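Residue-level listing of the chains:
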Amino acid sequence: MHRPTAWHVTHWSDDPFSLGAYSALLPGGRPAHRANLGACLDGRLVLAGEACNPRAPAMTHGAWDDGLRAAELALRAGARRVIVIGAGCAGLAAARRLREQGVDCVVLEARERVGGRTHSIRLG
C-alpha cells in the first residue's frame, strides 16, 4: 500500500482574503442567479469568477471561462483601459484576453502571489 509522504489542508475560514467565501447557492438557487451576478453593471463593472459561471460553478475552468466572458464584455463595449481586480483564474484569463486584443490592462492583487484560491505548494 502506498502512503502519502505529506499533505496540506486548506482552511478558507482562516484566509484573510477569502474569509471563508464559497460560491454555493442557497436552496432554490438556479444557474440564472449565477448569470445575473456576472451581468455588466452600468456598462463599466463586471464581476467574474466561478461563482458567476452557470455551467461550471466551483470549478477552476469555470472561473477561467468566466474571466474570458468578462473580457469579451469589455471588448464589445470598446474598452481601451481596464483594471482587473484579482489575479485568480478569472482575473488572469480576463487580463490575458484583453492584452491579446491590445487593451491597456492592469491587474491588482492583494496577495503576494497569483492564483487566488488556487495555488500550489511543495510537499515532501
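Just above sits the structure.
Residues numbered from 1 in each chain as written. Predicted model: local features only at pLDDT ≥ 70, side-chain atom pairs only at ≥ 80, totals over all residues. Heavy atoms only, no water.

## So, the nonpolar core
Nonpolar side chains tend toward joint burial in soluble globular proteins. Operational definition: We define the nonpolar core as a collection of buried residues of types Ala, Val, Leu, Ile, Met, Phe, Trp, Tyr and Cys that are connected through side-chain atoms lying within 4.5 Å of one another. Relative accessible area decides the class of each residue, using a 1.4 Å probe on protein chains only: under 20% of the type maximum gives buried, over 50% gives exposed, and in between gives partly exposed. Counting from the N terminus, the helices are DSSP H or I runs at least four residues long and the strands are E runs at least two residues long. Residue contacts follow a heavy-atom distance rule, with two residues in contact if any of their heavy atoms lie within 4.5 Å.
Counting nine residues, the largest nonpolar core consists of Ala 71, Ala 74, Val 82, Val 84, Ala 94, Ala 95, Leu 98, Val 103 and Cys 105. For this core, the secondary-structure elements that each account for two or more residues are helix H2 (60–76), strand S1 (81–85) and helix H3 (89–100). Residue contributions to this core peak at three residues, all from H3. Setting aside anything within four residues of it in sequence, one finds Ala 95 in contact with Val 84, Cys 105 and Val 107.

## Re H2
For an α-helix, the turn length of 3.6 residues means that residues three or four places apart are oriented alike. Put simply, the rule reads: The span one expects for a helix is its residue count, reduced by one, times 1.5 Å.
Here H2 contains 17 residues, and its C-alpha end-to-end distance of 25 Å stays within 8% of the 24 Å for a straight helix at 1.5 Å per residue. For H2, the set of buried residues is Gly 62, Ala 63, Asp 66, Gly 67, Leu 68, Ala 70, Ala 71 and Ala 74. Buried residues in H2 make contact with S1 and H3. At the C-terminal side of H2, Gly 78 shows a positive phi close to 80 degrees.

## Thoughts on the layout of surface pockets
The condition is simple: Every definition here rests on a 1 Å grid over the protein atoms only: cavities are sets of points where a 1.4 Å probe fits but cannot get out, pockets are open sets enclosed by protein on both sides within 12 Å along at least five of seven lines, and lining residues have some atom within 4 Å of a point. Grid points are joined across faces, edges and corners, and a volume is the space filled by probe spheres set on the points. Charged means Asp, Glu, Lys or Arg here, nonpolar means Ala, Val, Leu, Ile, Met, Phe, Trp, Tyr, Cys or Pro, and polar covers whatever is left, Gly included.
By volume, the largest pocket is sized at about 1500 Å³. Along its surface, the largest pocket is lined by 49 residues, and Leu 47, Ala 48, Ile 85, Ala 90 and Gly 91 are the ones closest to its centre. At the level of elements, H2, S1 and H3 are the ones that each hand at least two residues to the lining of the largest pocket. Take the lining of the largest pocket: its biggest share by element is six residues, from H2. Tallied by class, the residues present in the lining of the largest pocket amount to 32 nonpolar, 11 polar and six charged.

## Examining the environment of Pro 4
If you trace the backbone, Pro 4 turns up in the segment before helix H1 (31–37). Assessed through its relative accessible area of 61%, Pro 4 is described here as exposed. Taking the C-alpha atoms as reference points, Pro 4 and Leu 47, separated by 43 residues in sequence, lie 38 Å from one another.

## Concerning the side chain of Asn 53
Here is the rule: Any N or O atom pair separated by 3.5 Å or less is treated as a polar contact, with the protein-specific requirement of one donor-capable and one acceptor-capable atom, and with residues adjacent in sequence counted only for side-chain atom pairs.
Tracing the backbone shows Asn 53 in the loop between H1 and H2. Of the polar contacts made by the side chain of Asn 53, one reaches the backbone nitrogen of Ala 56; its length is 2.9 Å. If we ignore the near neighbours within four places in the chain, the residues touching Asn 53 are Arg 34, Gly 62, Asp 65 and Asp 66.

The quantities given are spatial measurements derived from coordinates; they are silent on function.
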